[in-house]
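Single-letter residue listing:
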Amino acid sequence: KNEVEQSPQNLTAQEGEFITINCSYSVGISALHWLQQHPGGGIVSLFMLSSGKKKHGRLIATINIQEKHSSLHITASHPRDSAVYICAVKETSGSRLTFGEGTQLTVNP
Amino acid sequence: DTEVTQTPKHLVMGMTNKKSLKCEQHMGHRAMYWYKQKAKKPPELMFVYSYEKLSINESVPSRFSPECPNSSLLNLHLHALQPEDSALYLCASSQFGLLAETQYFGPGTRLLVL
């Protein structure tokens, strides 16, 4: 069992739909990152969370430390949101990030 | 300037070649990272430099040799690679080297070993 699990693995949506991607983890963490990776490789750091909720434009990230769960929401999705979304956690013990397998999102016009 | 640059974008090399990947940032960050990413897999951390000193080496084979000449530059020297080393190599930087801080990624170097 992976320490960080994402769901779904693949998600296809129509433009304008509200999207949720989930991340569950089994270890104690000091921070959780959401990353976006477009085809071609470049990775953009979207959020870093240690508690609560953060919002940036149409993106919202939440984390529930007690339930060891985080969600990334995209409102009014657009084809340019098509990318792989990766959850990564910094364990409280240890010195590296543990990555989820990623969620491939495709938003169709 | 919030950009991490990597050169080259693409690299094809034979198993006997020696090549280097370069990474540069001018954000004043004191930590820089090398990741390896295989297709459809998440990035795997290889090395972390913090204040120009190697702080993490994730048991990477010695055919990969990192170098941090100064706080803005990070190199990855490659020698006698294997075809299974073909991957996307990503560089990242962060302010202090604490993994609980935002990392800024470069676009990557796509490496093919023949």
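I will try to describe carefully the structure that is included in this document. Computed from a predicted structure; not experimentally measured.

## What about the side chain of T103 of chain A?
Residues and elements named next belong to chain A.
- Of note, T103 is situated in strand β11 (residues 103–108).
- A polar atom in the side chain of T103 sits 3.2 Å from the side chain of Q6.
- Apart from residues lying up to four places away in sequence, T103 is in contact with Q6, S7, P8, Q9, L11, I21, A83, V84 and Y85.

## Overview of the packing of aromatic side chains
- By the definition in use, this model includes four aromatic pairs over all chains.
- Taking the centre distance of 5.7 Å and the plane angle of 90 degrees together, the rings of F99 of chain A and Y35 of chain B count as edge-to-face. Note that F99 of chain A is positioned in strand β10 (residues 97–99) and Y35 of chain B in strand β4 (residues 31–37), a pairing that runs across two chains. Comparing F99 of chain A with Y35 of chain B shows no difference in burial state: the two are buried.
- Among the aromatic side chains, those forming a connected cluster through ring pairs are F99 of chain A together with Y33, Y35 and F105 of chain B.

## A look at the sheet that holds strand β8 (residues 69–74) of chain A
Residue and element names in this part refer to chain A.
- The sheet built from five strands is open, its strands ordered β1-β3-β8-β7-β6 with antiparallel pairing. The two strands at the open ends of the sheet, each matched to only one other strand, are β1 (4–7) and β6 (52–56). On average, each strand axis in the sheet is inclined to that of its neighbour by 15 degrees, with strand direction left out of account.
- Bridge count between β1 and strand β3 (residues 19–25): four bridges; the pairing is antiparallel. Within the sheet, the bridge partner assigned to E5 lies in β3 and is S24.

## Things to note about the state of the cysteines
Residues and elements named next belong to chain B.
- One pass over the structure, following the stated rule, counts two disulfides over all chains.
- Each sulfur of the disulfide joining C23 and C91 lies 1.8 Å from the other. Note on the C23 and C91 pair: the S-S dihedral is about -70 degrees, so by sign convention the disulfide is left-handed. Residue C23 is found in strand β3 (residues 18–25), and its partner C91 is found in strand β9 (residues 87–94); the two are separated by 68 residues along the sequence. Here the two residues C23 and C91 agree in accessibility, since each one is buried.
- Take C68: it sits in no disulfide, and the sulfur closest to it among the cysteines is that of C23, at 9.3 Å.

## What about the pairing of β3 of chain A?
Residue and element names in this part refer to chain A.
- Judged by which residues are buried, β3 turns out to be one-sided: I19, I21, C23 and Y25 face inward and are buried, whereas T20, N22 and S24, on the alternate face, are not.
- Pairing geometry for β3 and β8, over six bridges, is antiparallel. Within the sheet, the bridge partner assigned to S24 lies in β8 and is H69.

What counts and what doesn't
Residues numbered from 1 in each chain as written. Chains lettered and ligands numbered in written order. Predicted model: local features only at pLDDT ≥ 70, side-chain atom pairs only at ≥ 80, totals over all residues. Heavy atoms only, no water. Helix = DSSP H or I, 4+ residues; strand = E, 2+ residues; numbered from the N terminus. Polar contact = N/O pair within 3.5 Å; in protein donor to acceptor, adjacent residues only side chain to side chain. Contact = heavy atoms within 4.5 Å. Phe/Tyr/Trp six-rings, centres within 6.5 Å; stacked < 30°, edge-to-face > 60°. Buried < 20%, exposed > 50% of the residue type's maximum accessible area, 1.4 Å probe, protein only. Pairing = 2+ DSSP bridges. Axes fitted to C-alpha atoms, helices over the stretch in contact; angles between N-to-C directions. Disulfide = S-S within 2.5 Å.

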